[in-house]
Amino acid sequence: KNCSVSRSINFSPLFFSGNGPSGICLSYLLSGYTPYFKRHSLHPHPILQRKLEEAPEVSVLDQDLEYLSEGLEGRSHSPVALLFDTLQRPDTDFGGTEESVLTWWHEPDRAIPHLVLGRNPPGGAWHSIEGSMVTLSRGEWMGLPDLPFKEWLKQKRRGLRNNRATAEDIAQYYQHYVMKKGLQKNFRCGTVVTSVRKVSAESISNHTQKDLQEGSDSLWSSNEKSTEVFQVDGFFKTVEGDKEPFSIYAENVVLATGTYDNPTWLGVKGENLSYVHHQLSALEEAVKNNSVGIMSDPVLIVGAGLTAADAILFAHQCNIPVIHVFRRRVTDPGLIFNQLPKMMYPEYHKVHQMMKEQTAACAGPYECYISLPEHHVLSFGKDKKCIFQDKNGCQKSYKISMALVLTGSNPNLSFLPNDGIDLAMDSEQPVSPKRNPIDVDPFTYECTQEKGLYALGPLAGDNFVRFVQGGALAVASSLLKKANKNPP
């Protein structure tokens, strides 16, 4: 019921696109929830402990994030991501369960009005993932500030399997978090953004300009007032299925759209044929409809990441024959399976074993599965014959029932000028979370090429929920300074 946007033109001091974990965390920080160092707590990092003790009465949001994060090391390249993570989970990488050294105060006078738009309910793409899928990250790493995921799970009288959680649990937790923290008034779901561009304040109608001026006066300090604002256009889907257009003007925009929308294509002949799919859900659908089964031709799975592994496990459970094609060597250290502890990820270790032991060249113990390492797809035929080529140029042909190309996904930034390419680290190439993220200031997450525009999460190169939250801290800190809402 809170999922609507007025049809009229709106002014919002701040707007962000994407309502996954990044967007939820930022909304929490901009709603007046303020983190302080908890007095008498002891952080295992002695230098950070000393810095935190220097000004315990000053919120972490108002401190120098570059100074606090200096010297921290961990599994992220972002200093602020490491900082916020270690404040919330001090020794988690060493298997410890130390409590957070933060205490949260609600200071409503410091809130910044904002709108969070997204297609799905709060939680973003977590609502599009098959519910029983188990996360790669440990369950406690999926939690958001001041509401531990494990505690929420206990209330549901559920435990974590192997320290990990299902996608359904996580999607429900994020929705619960938004309600519990009273953030729902900021969220509008069922919305699609079609354009974000800068316009001159003079080009806006007088009525909107007046709203803009009033909003400006109350929010941003005078030296930050701009002659340009962002115009955000889009539509929201009504219950009847109609599309209601909207326009919003905002001085600051945060991009938090993630990357789930836009699966990567191989770019080979026949890839647009109806039996070739780019999402795991297609296999689940085919099993439900009985269009593939134990007697079918094999399902082709292309890729060597975790989504491909999930597809193999799903097919294996349903006794569906699989041909698995991937470019890398099985022993390649860059392969994700070679980086995962066996004890914590037994099912992925099993897939890795199958990849090693069950190649077309030598039959192994696993029925209904053939692995073709160091191969790539040349073409898909209308007769459902697929041609592969190995590293020596030898070709093979297989008849298949369906193909799943699961080689990653890229963000859909078609709503930005030039698809956002001008904002990337390499402005000649498309934005890619792993290879070419948006170029942001590491301590504010503001785009270096476009002031007033911020990028969070995978768009800025932060690919795990535990680390996207540091970006939200950096953005909130920057916006509070702009809005002059930092205490003296």
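- The name an unreviewed UniProt entry gives the protein is Oxidative stress-induced growth inhibitor 1, with Poecile atricapillus as the organism.
- Its UniProt record gives the protein a comment under Subcellular location (unreviewed entry), which states: "Midbody".
- In its Sequence similarities (unreviewed entry) section, the UniProt entry covering the protein states "Belongs to the OKL38 family."

**Thoughts on the overall build of the protein**
- If you tally the helices and strands in the protein, you get 11 helices and 23 strands.
- Per-residue burial for the protein yields a buried fraction of 55% across its 488 residues.
- Within the protein, residue pairs in contact and separated by at least 24 positions form 69% of the contacts whose partners lie at least 6 positions apart.
- Here the protein displays about 22,800 Å² of accessible surface, and carbon together with sulfur accounts for 49% of that area.

**Some thoughts on the sheet that holds strand S19 (residues 385–390)**
- Overall, antiparallel pairing links the 3 strands, which are arranged S18-S19-S20 in an open sheet. This sheet does not close on itself; its edge strands, each paired only once, are strand S18 (375–380) and strand S20 (395–399). Averaged over neighbouring strand pairs, the angle between their axes works out to 30° when direction is ignored.
- Looking at chain direction, S19 and S20 are connected through 5 bridges and run antiparallel. Each bridged residue has a counterpart across the sheet, and for Cys 386 the counterpart in S20 is Tyr 398.

**Focus: the packing of aromatic side chains**
- All told, the structure shown has 9 aromatic pairs when counted by the stated rule.
- Here the aromatic rings of Tyr 173 and Tyr 174 are separated by 5.4 Å at their centres, their planes lie at 55°, and the arrangement is tilted.
- Ring centres of Phe 388 and Tyr 398 lie 5.7 Å apart, and the angle between their planes is 45°; this geometry places the pair in the tilted category. Taken together, the residues Phe 388 in strand S19 and Tyr 398 in strand S20 connect sequence positions 10 residues apart.
- On the basis of relative accessible area, Phe 388 is assigned to the buried category, the value being 0%.
- Taken together through their ring pairs, the aromatic side chains of Tyr 28, Tyr 33, Phe 84, Trp 104, Phe 149, Tyr 173, Tyr 174 and Tyr 177 make up a single cluster.
- Sitting over the ring of Tyr 67, Lys 51 keeps its end group 4.8 Å from the ring centre.

**Some words on helix H4 (residues 79–88)**
- Burial within H4 is extensive, with 9 of its 10 residues counted as buried.
- Every buried residue of H4 is accounted for by Val 80, Ala 81, Leu 82, Leu 83, Phe 84, Asp 85, Thr 86, Leu 87 and Gln 88.
- Buried residues along H4 sit against helix H1 (21–30), helix H2 (46–54), helix H3 (65–69), strand S4 (102–106) and helix H11 (465–482).

**Here we look at the sheet that holds strand S16 (residues 322–325)**
- Taken together, the 5 strands give an open sheet; going across it, the order is S14-S21-S15-S16-S17, and neighbouring strands pair in parallel fashion. The open sheet has two free edges, formed respectively by strand S14 (276–277) and strand S17 (369–372), since each of these has just one partner strand.
- Relative to S16, strand S15 (residues 299–302) runs parallel, the two sharing 4 bridges. What sits directly across from Val 299, in S16, is Val 322.

**Looking at a negative patch on the surface**
- Taken together, the side chains of Asp 64, Glu 66, Glu 70 and Asp 441 present a region of like negative charge at the surface.
- Along the polypeptide, Glu 66 turns up in helix H3.

**Points about the pattern of salt bridges**
- As enumerated under the stated definition, the model contains 11 salt bridges in all.
- Residue Glu 99 is joined to Lys 38 by a salt bridge in which the shortest nitrogen-to-oxygen separation is 3.6 Å. Of this pair, Glu 99 sits in the loop between H4 and S4 while Lys 38 sits in the loop between strand S3 (33–37) and H2; the two residues are 61 residues apart in sequence, bridging distant segments of the chain.
- Glu 374 is the partner of Lys 391 in a salt bridge, and the nearest nitrogen-oxygen pair spans 3.8 Å. Of this pair, Lys 391 sits in the loop between S19 and S20 while Glu 374 is found in the loop between S17 and S18, placing the two residues 17 residues apart along the sequence.
- Exposure remark for Glu 374: the relative accessible area of 25% places this residue in the partly exposed category.
- Residues joined by salt bridges that share partners form a network here, namely Asp 62, Glu 107 and Arg 110.

**With respect to the packing of H4 against H11**
- Across the interface, H4 lies against H11 with an axial gap of 7 Å and an inter-helix angle of 110°. Considered as vectors, H4 and H11 are oriented roughly perpendicular to each other. Listed contacts from H11 to Val 80, Ala 81, Leu 82, Phe 84, Asp 85 and Gln 88 of H4 are Arg 466, Phe 467, Gln 469, Gly 470, Leu 473 and Ala 474.
- Tallied by class, the residues present in the contact of H4 with H11 amount to 7 nonpolar, 3 polar and 2 charged.

**Overview of the packing of helix H8 (residues 281–288) against helix H9 (residues 306–317)**
- Between H8 and H9, the shortest axis-to-axis distance is 10 Å and the interhelical angle comes to 15°. Classified by the angle their axes make, H8 and H9 are roughly parallel. For the pair H8 and H9, the crossing hand works out as right-handed. Between H8 and H9, the residues in contact are Leu 283, Glu 284 and Val 287 and Ala 311, Phe 314 and Ala 315, respectively.
- Here the residues of the contact of H8 with H9 sort into 5 nonpolar, no polar and 1 charged.

**Overview of the nonpolar core**
- If you look at the biggest cluster of nonpolar residues, it comprises 83 residues, and the most contacted ones within it are Phe 15, Leu 26, Val 196, Val 253 and Ile 438.
- Per-element tally for this core: the top contributor is H11, with 9 residues.

Thresholds, definitions, all that
- Once a new chain begins, its residue numbering starts again from 1 and follows that chain's sequence as written.
- Under the rules for a predicted model, residues below a pLDDT of 70 receive no local features and side-chain atom pairs below 80 are neither given nor counted, while totals for whole chains, interfaces and linings still include all residues.
- Side-chain numbers here rest on the full set of heavy atoms in the structure, without hydrogens or water.
- UniProt positions are given in the numbering used here, feature names are shortened, and annotations may be inferred rather than shown by experiment.
- Runs of E in the DSSP output that reach at least two residues are strands. Runs of H or I that reach at least four are helices, and both are numbered from the N terminus.
- Note on classification: 1.4 Å probe, protein chains only; a residue is buried when its accessible area is under 20% of the maximum for its type, exposed when over 50%, partly exposed between these limits.
- Note on definitions: a residue-residue contact is assigned when non-hydrogen atoms from the two residues lie within 4.5 Å.
- Reported accessibility uses the Shrake-Rupley method at a 1.4 Å probe radius. Residues are deemed covered only where the shown protein chains occlude them.
- Any two strands between which DSSP finds at least two bridges are classified as paired.
- Axis definition: a line fitted to C-alpha atoms, over the contacting stretch in the case of helices. Angles run 0 to 180 degrees between N-to-C directions.
- Two rings from Phe, Tyr or Trp (for Trp, the six-membered ring) form a pair when their centres are within 6.5 Å of each other. A pair whose planes differ by under 30 degrees is stacked, one over 60 is edge-to-face, and the rest are tilted.
- In this scheme, Lys NZ or Arg CZ marks a charge over a ring once it lies within 6 Å of the ring centre and within 35 degrees of the ring normal.
- Any residue with relative accessible area above 30% and no salt bridge may belong to a patch, with like charges joined within 9 Å and the nonpolar Val, Leu, Ile, Met, Phe, Trp and Tyr side chains within 5 Å.
- Any Lys or Arg side-chain nitrogen located within 4 Å of an Asp or Glu carboxyl oxygen qualifies as a salt bridge.
- Under the counting rule used here, the positive set is Lys and Arg, the negative set is Asp and Glu, and His together with the chain ends is not counted.
- By convention, the point assigned to a charge is CZ for Arg, NZ for Lys, CD for Glu and CG for Asp.
- To sort the angles, those under 35 degrees are grouped as roughly parallel, those over 145 as roughly antiparallel, those from 65 to 115 as roughly perpendicular, and the leftovers as oblique.
- Gly counts as polar in this scheme, as do all residues outside two lists: the nonpolar Ala, Val, Leu, Ile, Met, Phe, Trp, Tyr, Cys and Pro, and the charged Asp, Glu, Lys and Arg.
- Whether a crossing is left-handed or right-handed is set by the direction in which the near helix is turned from the far one by less than a right angle, anticlockwise for left-handed and clockwise for right-handed.
- What we call a nonpolar core is a set of buried Ala, Val, Leu, Ile, Met, Phe, Trp, Tyr and Cys residues that are connected through their side-chain atoms within 4.5 Å.

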